[in-house]
Amino acid sequence: MQKIKSLMTRQGLKSPPESLSDLGAIESLRVPGKEEFRELREQPSDPQAEQELINSIEQVYFSMDSFDIVKYELEKLPPVLNLQELEEYRDKLKQQQAAVSKKVADLILEKQPAYVKELERVTSLQTGLQLAAVICTNGRRHLNIAKEGFTQASLGLLANQRKRQLLIGLLKSLRTIKTLQRTDVRLSEMLEEEDYPGAIQLCLECQKAASTFKHYSCISELNSKLQDTLEQIEEQLDVALSKICKNFDINHYTKVQQAYRLLGKTQTAMDQLHMHFTQAIHNTVFQVVLGYVELCSGNTDTKFQKLQYKDLCTHVTPDSYIPCLADLCKALWEVMLSYYRTMEWHEKHDSEDTPSASEGSNMGTEETNFDRGYIKKKLEHGLTRIWQDVQLKVKTYLLGTDLSIFKYDDFIFVLDIISRLMQVGEEFCGSKSEVLQESIRKQSVNYFKNYHRTRLDELRMFLENETWELCPVKSNFSILQLHEFKFMEQSRSPSVSPSKQPASTSSKTVTLFEQYCSDGNPFEIQANRKDEETEDVLASNGYESDEQEKSAYQEYDSDSDVPEELKRDYVDEQTGDAPVKSVSRETLKSRKKSDYSLNKVNAPILTNTTLNVIRLVGKYMQMMNILKPIAFDVIHFMSQLFDYYLYAIYTFFGRNDSLESTGLGLSSSRLRTTLNRIQESLIDMEVSADPTATLTAAEERKEKVPSPHLSHLVILTSGDTLYGLAERVVATESLVFLAEQFEFLQPHLDAVMPAVKKPFLQQFYSQTVSTASELRKPIYWIVAGKAIDYEQMLLLMANVKWDVKEIMSQHNIYVDALLKEFEQFNRRLNEVSKRVRIPLPVSNILWEHCIRLANRTIVEGYANVKKCSNEGRALMQLDFQQFLMKLEKLTDIRPIPDKEFVETYIKAYYLTENDMERWIKEHREYSTKQLTNLVNVCLGSHINKKARQKLLAAIDDIDRPKR
């Protein structure tokens, strides 16, 4: 294309755009006619051949404008001309010219519409220029007329007016400068009013105005002054930001944030805020501890101010330790609460600013979102950082003093404060307070081990000095009335912090930050933690009132004789059923035979030692409730308290090697296993330490307690007191009561016990606590074995002649003697019941033991008979029936224990040989002596010698495994 244009130029043609500059040439420009275009188009067209022709044109034809084509061609001619060659060369040039012309024609046709349009635009431009020339001519003419028409005075007025306008602008500028000069006074006032956004806004406006008048020399000094003022405002703003850390104020913080937003330093403000919080924690704890140290030292020596915080904590005295810790936690709570409220402020304002931000520009919105995201991440990260700082400060304070020097109540007080602080931390950032937890756990376990060892020694001392007298408590006594268990009632109270409330009591848990957000402090409760009310659990003399004492000894022959107290509090002690509304006269009368508790208020039976153990359990549970990570250790120690108490009761009142020889199974295998376990794990059976013992053995002995010894003031050998029955009842039933309290506490213990340790708790309850009531049998068996003279009865039975020849109608005197023994036993029980209420299960066991022993003594007496006739066997049945008839009037126990044991033995006399052999194999409850005597007595009546030998061999086979 460029070559075509150059060639057109050589031929005197110009392209339309290039020819626009020469308007005179436009009219002379020749446009090829239609005939010429038609001729060019009618020529054969071969685009490729045409392009080769154009490409064959020499390059010099497309060179500079001064190139002379004719001269160039003439100079190219050879010296000797050849006509044919010239014609051929001419035809070639014509073909090249025709190809170029055709190409030019095609281009002209292609560009003709644009050419026509551009030509019209040029024509229009020419017309416009002509019109502009006319307007300029008219303007010059009018200016000449105005110049001639105006006078010098008119021009002077215009000059004065212009000068006036300039002076008015100057006056306005001077007033603005004057206002700027006085701005510092207003800025100071606004800073005193803490109107930081207004002060910054005013300062920025002044700087903007000053830049407008910077051409005045006085403004340069004002600019520097305004810059200094702005820096001063930023410093005061930083001070105001630091105040947020201890006492958050919404209005104050809103102003500070608005001010930083005007400065465009919201991210810087957040960085500064976290630095201030860190500094506030350090300064706060240091000042609190320093105040107590200086107060207790009695001087304000500056040496304490130069100490490090860690060293300063070691100077806190034990007397001021707890108040200082409480104030320390209060101060740290204020810091964390301020941070919590700061986060609340940002969450609230971010949600409010979101709609308004969407209305602004995209760039502003992106910047705002970036700042908001930065602040959110910074605040979230700061939660953990601040809580870690708090934990480290409190841990340092705790390590500054050995907590083992404190009494138990003070130690619990410390734990309660730390537990509340850990709860605050968990709500603050979701942290489990590993730093504090590990530190306090180590100290707590060590403290509690030493404390528990001391309490076990005290318990042994109490048990060895206990006279087993009844501790008079009210009938409505509950362990929840004791100070040590007040925390369990408080955990159900709505006024206590939600951390101590069960999850089931409220559908929505209120956090400490929500509860104390506006007012109060969770650590202020600690100051008044002890209950002002006194315990009201003791009765004056075993009765709750004189009227009850007077009515307790009335006869109950009619419904009107039955005290309402007994009607209301009547409980089936065997089944443990709830009190019934009313009690029938027949029921009361039937219960009078063996219920020796009707003459006492139905109050729990316990001793001072029992009460002390219950109080210890309450204290242990306080520590466990406060510090749940040591729950297993605490429950293990609690179980040792119960184990030792149970072992002591058994050692004092139930240990008798002759019991197991009776074969009555008085001690269950579970009870024996429990007692053996306690003896092996808890009881130190060695009297003195062995100096050659290994270190491990010495450590194991430290964990054990010597076996207790019964006080010499407790007499268990007097028949008048039924061999210390009152003391035995108080001791045994106090153990049963203690077991009932452990059963009551089981859900609470199960809730705090770690899941992996719960099998231990279940084993403790199933194998130890539940065996407490099983001690009744071996303990009361000793009384039953001595209360009635069974040996005298055997002597009386030995004097009876059993080989009588006729049926007797009168029973033997040993029956009357035995019944007199039971009547005397009944009177003694009544006498004992005047001192101590004998519960129905106890009286039933006593009667059951005595009757069982009497029946077995009767069988033993019958087994001592050398000769006996059929009439003698009938006399035995008569004696036993007489005994049963009279006995049933003394007791309401049904059925009579071991009644079948006696009757079956008497009836066995009439069995044949084969039946006797089968009977011997089936009834192994009888001794070898009793079975042998039965065979020997039957000899000669209906059993021969051969049968006797066979039966004796069968008895020997039965007895052989027992040897």
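Parameters at a glance
- Residues numbered from 1 in each chain as written.
- Predicted model: local features only at pLDDT ≥ 70, side-chain atom pairs only at ≥ 80, totals over all residues.
- Heavy atoms only, no water.
- Helix = DSSP H or I, 4+ residues; strand = E, 2+ residues; numbered from the N terminus.
- Buried < 20%, exposed > 50% of the residue type's maximum accessible area, 1.4 Å probe, protein only.
- Contact = heavy atoms within 4.5 Å.
- Areas by Shrake-Rupley, 256 points an atom, 1.4 Å probe, with all protein chains shown as cover.
- Salt bridge = Lys/Arg side-chain N within 4 Å of Asp/Glu carboxyl O.
- Core = buried A, V, L, I, M, F, W, Y, C linked by side-chain atoms within 4.5 Å.
- Expected span 1.5 Å × (residues − 1).
- Phe/Tyr/Trp six-rings, centres within 6.5 Å; stacked < 30°, edge-to-face > 60°.
- Lys NZ or Arg CZ within 6 Å of the ring centre and 35° of its normal.
- Bend = angle between axes of the 7 residues up to and from the residue.
- Axes fitted to C-alpha atoms, helices over the stretch in contact; angles between N-to-C directions.
- Parallel < 35°, antiparallel > 145°, perpendicular 65-115°, else oblique.
- Nonpolar A, V, L, I, M, F, W, Y, C, P; charged D, E, K, R; others polar.
- Patch = residues over 30% accessible without salt bridge, like charges linked within 9 Å, V, L, I, M, F, W, Y side chains within 5 Å.
- Lys, Arg positive; Asp, Glu negative; His and termini not counted.
- Charge placed at Lys NZ, Arg CZ, Asp CG, Glu CD.
- Disulfide = S-S within 2.5 Å.
- pLDDT = per-residue confidence, 0-100.

### Here we look at the overall build of the chain
And step 1. Broken down by element type, the chain carries 38 helices and two strands.
And step 2. For the chain, with 963 residues in total, the buried portion stands at 42%.
And step 3. Within the chain, residue pairs in contact and separated by at least 24 positions form 80% of the contacts whose partners lie at least 6 positions apart.
And step 4. Accessible area for the chain stands at about 52900 Å²; split by element, carbon and sulfur atoms hold 52% of it.

### Describing the pattern of salt bridges
And step 1. A full pass over the atoms with the stated rule returns 26 salt bridges.
And step 2. The partner of Glu50 in a salt bridge is Lys102, and the shortest N-O contact between them spans 3.7 Å. In this pair, Glu50 sits in helix H4 (residues 47-56) while Lys102 sits in helix H6 (residues 83-149), placing the two residues 52 residues apart along the sequence.
And step 3. With a closest N to O distance of 2.9 Å, Glu860 and Lys929 form a salt bridge. Residue Glu860 is found in helix H33 (residues 840-863), and its partner Lys929 is found in helix H37 (residues 928-938); the two are separated by 69 residues along the sequence.

### Here we look at the nonpolar core
And step 1. Core analysis: the biggest nonpolar cluster contains 230 residues, and Phe822 and Phe883 have the highest contact counts within it.
And step 2. Counting residues per element, this core draws most heavily on helix H14 (residues 318-358), at 17 residues.
And step 3. One finds Ile54, Ile57, Phe62 and Val100 within the second-largest nonpolar core, a separate group that totals seven residues.

### Regarding helix H12 (residues 266-297)
And step 1. The end-to-end C-alpha distance of H12, which contains 32 residues, comes to 45 Å, matching closely the 46 Å that a straight helix rising 1.5 Å per residue would cover.
And step 2. One or two residues past the end of H12 sits Gly298, with phi positive at roughly 85°.

### A few points about unusual backbone geometry
And step 1. The amide bond that connects Arg894 to the next residue, Pro895, takes the cis arrangement and shows omega of -5°.
And step 2. In this fold, Pro895 is placed in the loop between helix H34 (870-890) and helix H35 (899-907).
And step 3. The phi angle at Tyr723 is positive, at roughly 55°, despite the residue not being glycine.
And step 4. A relative accessible area of 16% means that Tyr723 is categorised as buried.

### Quick notes on the packing of aromatic side chains
And step 1. According to the stated counting rule, one finds 37 aromatic pairs in the structure shown.
And step 2. Ring centres 5.5 Å apart and planes at 85° place the aromatic pair Tyr909 and Tyr910 in the edge-to-face group.
And step 3. Residue Tyr909 is classed as buried on the basis of its relative accessible area, which comes to 2%.
And step 4. One aromatic cluster is present, formed by Phe277, Trp333, Tyr339, Tyr340, Phe428, Phe513 and Tyr516 through successive ring pairs.
And step 5. Directly above the aromatic system of Phe632 lies the positively charged group of Lys757, at a separation of 4.4 Å from the ring centroid.
And step 6. A cation sits over an aromatic face here: Arg856 above Phe901, 4.3 Å from the ring centre.

### Focus: helix H28 (residues 725-752)
And step 1. For H28, spanning 28 residues, the distance from its first C-alpha to its last is 40 Å, which sits close to the expected 40 Å at 1.5 Å a residue.
And step 2. Along H28, the sharpest change in direction is near 45° and occurs at Leu745; proline Pro747 comes one to four residues later.

### Some details on the packing of H33 against H34
And step 1. In contact at an axis separation of 12 Å, H33 and H34 are set at 170° when each is read in the N-to-C sense. Taken together, the axis directions place H33 and H34 in an arrangement best described as roughly antiparallel. Only Met876, Asp879, Phe880, Phe883, Leu887 and Leu890 of H34 make contact with H33, whose side of the interface consists of Trp847, Ile851, Ala854, Asn855, Ile858 and Tyr862.

### Overview of the packing of helix H31 (residues 790-798) against helix H32 (residues 813-835)
And step 1. Two numbers describe how H31 lies on H32: the axes approach to 9 Å, and their chain directions differ by 170°. It follows from the interaxial angle that H31 and H32 lie roughly antiparallel. In contact with Met793, Leu796 and Met797 of H31, H32 contributes Tyr814, Ala817 and Leu818.
And step 2. The class makeup of the residues in the contact of H31 with H32 is six nonpolar, no polar and no charged.

### Quick notes on a nonpolar patch on the surface
And step 1. On the surface, a nonpolar cluster with roughly 370 Å² of combined accessible area is contributed by Val70, Leu74, Leu77 and Leu81.
And step 2. Here Leu74 lies in helix H5 (residues 69-76).
And step 3. Accessibility expressed as a relative area gives 53% for Leu74, which makes it exposed.

### So, the environment of Asn812
And step 1. Note that Asn812 resides in the loop between H31 and H32.
And step 2. The exposure class of Asn812 is buried, given its relative accessible area of 16%.
And step 3. A C-alpha to C-alpha distance of 8.9 Å links Asn812 and Leu878, two positions 66 residues apart in sequence.
And step 4. Ignoring sequence-local partners within four residues, the contact set of Asn812 consists of Val800, Trp802, Leu875 and Asp879.

### What about the environment of Tyr645?
And step 1. Note that Tyr645 resides in helix H24 (residues 631-654).
And step 2. When its relative accessible area of 0% is taken as the criterion, Tyr645 is described as buried.
And step 3. Sequence separation between Tyr645 and Arg460 is 185 residues; the distance between their C-alpha atoms is 8.7 Å.
And step 4. Other than its neighbours up to four places away in sequence, Tyr645 contacts Leu463, Trp468, Thr607, Thr609, Thr610, Val613, Ser734, Leu735 and Leu738.

### Observations regarding a negative patch on the surface
And step 1. The grouping of Glu344, Glu347, Glu380 and Glu514 at the surface amounts to a negative patch.
And step 2. Mapped onto the elements, Glu347 comes out in helix H14.
And step 3. Overall, the relative accessible area of 53% leaves Glu347 in the exposed class.

### Observations concerning the state of the cysteines
Here a disulfide denotes one covalent bond, and it connects the sulfur atoms of two cysteines.
And step 1. One pass over the structure, following the stated rule, counts zero disulfides.
And step 2. As a non-bridged cysteine, Cys313 has Cys324 as the owner of its nearest cysteine sulfur, 7.5 Å distant.
And step 3. For Cys313, a relative accessible area of 0% gives the class buried.

### Looking at the confidence of the model for the chain
And step 1. Mean pLDDT over the chain: 78, with 77% of residues reaching 70 or higher.
And step 2. Contacts of residues 10-31 to residues separated by more than four positions or lying in other chains number 18 contacts, the stretch itself having pLDDT below 50.
And step 3. A low-confidence stretch, residues 542-592 (pLDDT under 50), is modelled with 73 contacts involving residues beyond four sequence positions or located in other chains.

### Digging into the environment of Ile322
And step 1. In this fold, Ile322 is placed in helix H14.
And step 2. Judged by relative accessible area, Ile322 falls into the buried class, the value being 11%.
And step 3. Separated by 84 residues in the primary sequence, Ile322 and Phe406 place their C-alpha atoms 10.0 Å from one another.

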